[in-house]
Amino acid sequence: MEAVVGFIGLGLIGGSIAKGLKRAHPEIKIMAYMRSASRLEKAHEEGVVDIILDGIDRQLSQCDMIFLCTPVEFNAGYLKQLKPLLKPGAIITDVGSTKTSIHQAVANLQMERCFVGGHPMAGSEKTGYENSTDHLLENAYYMITPASEDDPMHIERVKAIAQALGAIPKVISYEEHDFAV
């Protein structure tokens, strides 16, 4: 069975993760939503995105993992929309540079068992999908901030994604992350 991965936002980091996943696992099915339809069309033409979403809808219930790749201030709202759509065993992760607000939202929504925070420590002076590459995260630290230690397999799945991208996964608490960053 092929894995299905969803992306909410497909800018520099989200696009780079999606491209890296397709490079490492061409069989993976990627669906994505973002406000800029033209960037999604480009990602589809390039073979990175298989399904373009018009919004947060039932198609996301097919996903094994969903990446929140929007600005930090929007992620909590997306969590609330995604909660009723998640299939059993699905994971939500994010790529935000700060973790406290997303982890508080996860706790408020009682989603600790399906959320594993993430922060790829990579970037560029350029932004947007058009500047994403399949190797942006190579040799970069990928900080993983679990919301719960209840399911170590979820943490291992996020670590495996980081490794597939050529990144170096490090698991720490979100409090430690925010203090260090």
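Just above, that's the structure.
Figured I'd write up the structure that's included with this text. (Residues numbered from 1 in each chain as written. Predicted model: local features only at pLDDT ≥ 70, side-chain atom pairs only at ≥ 80, totals over all residues. Heavy atoms only, no water.)

### Concerning the side chain of His119
So, step 1. Mapping His119 onto the fold places it in strand S6 (residues 116–120).
So, step 2. Judged by relative accessible area, His119 falls into the buried class, the value being 8%.
So, step 3. In terms of polar contacts, His119 uses its side chain to reach the side chain of His177, at 2.8 Å.
So, step 4. Sequence-distant contacts of His119, defined by excluding residues within four places in its chain, comprise Asp94, Val95, Gly96, Ser97, Lys99, Tyr141, Tyr142, Met143 and His177. (Helix = DSSP H or I, 4+ residues; strand = E, 2+ residues; numbered from the N terminus. Buried < 20%, exposed > 50% of the residue type's maximum accessible area, 1.4 Å probe, protein only. Polar contact = N/O pair within 3.5 Å; in protein donor to acceptor, adjacent residues only side chain to side chain. Contact = heavy atoms within 4.5 Å.)

### Focus: the pattern of salt bridges
So, step 1. Scanning the entire structure with this criterion turns up nine salt bridges.
So, step 2. The salt bridge involving Lys19 is made with Glu46; its shortest N-O contact spans 3.8 Å. With a gap of 27 residues between them, Lys19 in helix H1 (residues 12–24) and Glu46 in the loop between helix H2 (37–45) and strand S3 (51–52) connect regions that are remote in the sequence.
So, step 3. The closest approach of N and O atoms between Arg39 and Glu130, which form a salt bridge, is 3.1 Å. (Salt bridge = Lys/Arg side-chain N within 4 Å of Asp/Glu carboxyl O.)

### Comments concerning the sheet that holds strand S7 (residues 141–146)
So, step 1. Across the sheet, three strands lie side by side as S6-S7-S8; this open sheet has mixed pairing. With one partner strand each, in any of the chains shown, S6 and strand S8 (168–171) form the two edges of the open sheet. Averaged over all pairs of adjacent strands, the angle between their axes in this sheet comes to 25 degrees, without regard to strand direction.
So, step 2. The pairing of S7 with S8 spans four bridges and is classified as parallel. Bridging across to S8, Ile144 finds its partner in Val171. (Pairing = 2+ DSSP bridges. Axes fitted to C-alpha atoms, helices over the stretch in contact; angles between N-to-C directions.)

### Quick notes on the pairing of strand S2 (residues 29–33)
So, step 1. Across the five residues of S2, four count as buried, placing the element largely inside the fold.
So, step 2. In the sheet, strand S1 (residues 4–8) pairs with S2 via five bridges, with the strands oriented parallel. Note on S2: the bridge partner recorded for Phe7 is Ala32.
So, step 3. For S2 and S3, the ladder comprises two bridges, and the chain directions are parallel. If you follow Met31 over to S3, its bridge partner there is Ile51.
So, step 4. Where the polypeptide runs from S2 across H2 and back to S3, its parallel neighbour, the crossover connection is right-handed. (Right-handed = clockwise from strand over helix to strand, strands pointing away.)

### Side note on the sheet that holds S2
So, step 1. The five strands are arranged S3-S2-S1-S4-S5 in an open sheet whose pairing can be described as parallel. Either end of the sheet is taken by a strand with one partner, and the two such strands are S3 and strand S5 (91–94).
So, step 2. Of the strands in this sheet, S1, S2, strand S4 (65–68) and S5 are in contact with helix H3 (residues 72–82), which crosses S4 at around 155 degrees.

Without other data, these values stay purely geometric and don't point to any function.
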